[in-house]
Amino acid sequence: MMLQRKNGLRATALGALAVTGALVLTACGSDDNSGATGGTGGKTSAASNIKCDGAKGKLLASGSSAQKNAMDLWVKNYMAACSGVEINYKGSSSGEGIINFNQGTVGFAGSDSALKPDEVSESKKTCEGGQGINLPMVGGPIAIGYNLSGVDDLTLDAPTIAKIFNGKIKKWNDPAIVKLNSGKTLPDKAIQAFHRSEDSGTTQNLGKYLGATAKADWPYEAEKKWPAPGGQAASGSSGVAAQVKQVDGSIGYFELSYATSQSIPTVSVDTGAAAPVQATSENASKAIAAAKVKGTGKDLALELDYATKADGAYPLVLVTYEVVCDTGNTPETLDTVKSFLGYTASEEGQKVLSDAGYAPIPAEINSKVRETVAGLK
């Protein structure tokens, strides 16, 4: 089993090298590496606190597009500090990342939802003597972005969001939207709702939120596959954001970083708190701080309170996990996995998240992540 995982990683590394060279060159070429120490021997970059700790060669990873912008920053910083190491993260989807991980073709996977029991069972085939575990690494708000000429401030609540995305509310001047936006002029314009085309943890987290807060209007199970009729599909968070950016009258869901980078206005959510809550990193952190660890052993899967009404807590959040083997990681990449994830979970690594539109993982939980990463085998 271990041989299968090792061979798969090697084969994928060779096949992906040409495709991923642009990312590698961009990350390396944009930084002055002259002050960095080598990627072996547990040395630390003179320009940062990143510990290279025996890291070497290439490390492939894939999964959640929700954390792609954060991962790009981390990869750039890490590769500038640790010469001789190439990290390639393919931001596709959580579903694809977990499949790749369980096939043994990546060193770790990113997922916007914790592994299901059947996925844990499948992981035991590739994690020899162990299993896949969830390490919460990136938090943040799922923004409801929109494009509506003349409207740059919009409030919706969970039932209204649910009705928009399942096709029950079709016009921007629907009475339910008007009621939530007193004093604003809303056009008699058709709503064009966009959703993810592929299995997505972002979709699943949106479903968990709507299921917890608007069950009567969102009667679907929280799955990675888009469940509602109608709407238009686009690939990845970047694809949904691109469509919303281009189409007047549109609405979609994606991580705040995509809205920020493309200047897409986002919906404030009426949660029943004293005032509608904006999608910001700080407000998402207030919601994530109330999360509890529901995983057992080394697994650190979290339980989020999507129905919070706390003032200033933005409830539509996700936590992206890095999925690794607790035991049975590929020997050739184990040191690199531990070094890289040790950086992403460090105070330095988490600090870069807020500026990118994400929310750092609460310190108490993050300390457990660092401890678990250090003990990977």
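Every residue gets a number counted from 1 within its own chain, in the order that chain's sequence is written. With pLDDT at 70 or above as the cut-off, local features in this predicted model cover only qualifying residues; side-chain atom pairs require 80 or more to be listed or tallied, and sums for whole chains, interfaces and linings still use all residues. The side-chain quantities take in all heavy atoms of the structure and omit both hydrogens and water.

> How should I be thinking about unusual backbone geometry in this particular structure?
Trans peptide bonds make up most of the peptide bonds, and negative phi angles are found at most residues other than glycine. Phi is positive for Asp 53, which is not a glycine, with a value near 40 degrees. Each helix is a run of H or I in the DSSP string that is no shorter than four residues. Each strand is a run of E no shorter than two, and both are numbered from the N terminus. Among the structural elements, Asp 53 can be located in the loop between helix H1 (2-29) and strand S1 (57-63). With phi around 55 degrees, Ser 263 is a residue other than glycine that occupies positive phi space. Its place among the elements puts Ser 263 in the loop between helix H9 (256-261) and strand S9 (268-270). Under the scheme applied here, a residue whose accessible area is under 20% of the maximum for its type counts as buried, over 50% as exposed, and between as partly exposed, the area being computed with a 1.4 Å probe on protein chains only. With relative accessibility at 59%, the residue Ser 263 sits in the exposed group.

> Before we go on, may I ask you to explain the side chain of Thr 308 in this structure?
Of note, Thr 308 is situated in the loop between strand S11 (302-303) and strand S12 (317-325). At a separation of 3.2 Å, a polar atom in the side chain of Thr 308 contacts the main-chain amide nitrogen of Ala 310. What Thr 308 contacts, discounting residues up to four positions off in sequence, is Thr 271, Ala 313 and Pro 315. Contacts described as polar in this section are N or O atom pairs within 3.5 Å, which, within protein, must combine one atom able to donate a hydrogen with one able to accept it, while residues neighboring in sequence count only if both atoms come from side chains. Here, two residues are considered to be in contact whenever any of their heavy atoms come within 4.5 Å of each other.

> I keep staring at the nonpolar core and nothing clicks. Help me out?
In summary, soluble globular proteins display a tendency toward joint burial of nonpolar side chains. By size, the foremost hydrophobic cluster in this structure holds 63 residues, and its most contacted members are Ile 144, Leu 154, Phe 165, Ile 177 and Ile 251. Per-element accounting of this core gives the leading share, 5 residues, to helix H5 (residues 158-165). Dropping the residues within four chain positions of it, Phe 165 is found in contact with Ile 144, Ala 193, Phe 194, Trp 218, Trp 226, Ala 228, Pro 229, Ile 251, Gly 252 and Tyr 253. Counting 35 residues, the second largest nonpolar core, distinct from the first, contains Trp 74, Leu 135, Ala 356 and Val 369. Nine residue types can take part in a nonpolar core, namely buried Ala, Val, Leu, Ile, Met, Phe, Trp, Tyr and Cys, and a core is a set of them joined through side-chain atoms within 4.5 Å.

> So what exactly am I meant to see when it comes to the state of the cysteines here?
Think of a disulfide as a covalent bridge from one cysteine sulfur atom to another cysteine sulfur atom. Disulfides are defined as pairs of cysteine sulfur atoms found within 2.5 Å of each other. In this structure the tally under the stated criterion is 2 disulfides. Disulfide partner of Cys 52: Cys 82, at an S-S distance of 2.1 Å. Torsion about the S-S bond of the Cys 52 and Cys 82 cystine: about -95 degrees, corresponding to left-handed handedness. You can see Cys 52 sitting in the loop between H1 and S1 and its partner Cys 82 sitting in the loop between helix H2 (68-81) and strand S2 (85-91), a full 30 residues away along the chain. Taking relative accessible area as the criterion, Cys 82 reaches 0% and is therefore assigned buried. Sulfur-sulfur distance for the disulfide between Cys 127 and Cys 325 comes to 2.0 Å. Residues Cys 127 and Cys 325 share a disulfide whose torsion about the S-S bond is about -70 degrees; that sign makes it left-handed. Highlighted residues: Cys 127 in the loop between helix H4 (117-123) and strand S4 (132-147) and Cys 325 in strand S12, separated in sequence by 198 residues. Residue Cys 127 is classed as buried on the basis of its relative accessible area of 0%. Sequence-ordered numbering of the disulfide-bonded cysteines in the protein chain gives the connectivity 1-2, 3-4.

> Sorry if this is basic, but what is going on with helix H10 (residues 281-288) here?
Counting along an α-helix, one turn takes 3.6 residues, and residues three or four places apart therefore face a common direction. Buried within H10 are the following residues: Ser 281, Asn 283, Ala 284, Ala 287 and Ile 288. Down the axis of H10, the buried set is contained in an arc of 160 degrees. They therefore lie on one face. Summarising the geometry, the arc corresponds to the directions from the helix axis toward the C-beta atoms.

> What's the story with the pattern of salt bridges in this structure? I'm lost.
Close approach of charged atoms lets side chains of opposite charge pair. Any Lys or Arg side-chain nitrogen found within 4 Å of a carboxyl oxygen on Asp or Glu counts as a salt bridge. Using the criterion set out here, one finds 9 salt bridges in the structure. A salt bridge links Lys 224 to Glu 119; its shortest N-O distance comes to 3.9 Å. Placement of the pair is Lys 224 in the loop between helix H7 (201-213) and strand S7 (232-234) and Glu 119 in helix H4, with a sequence separation of 105 residues. The buried category is assigned to Lys 224, whose relative accessible area is 9%. Between Glu 198 and Arg 196 there is a salt bridge; the shortest N-O distance is 2.6 Å. When sorted by exposure, Glu 198 lands in the same class as Arg 196, which is buried.

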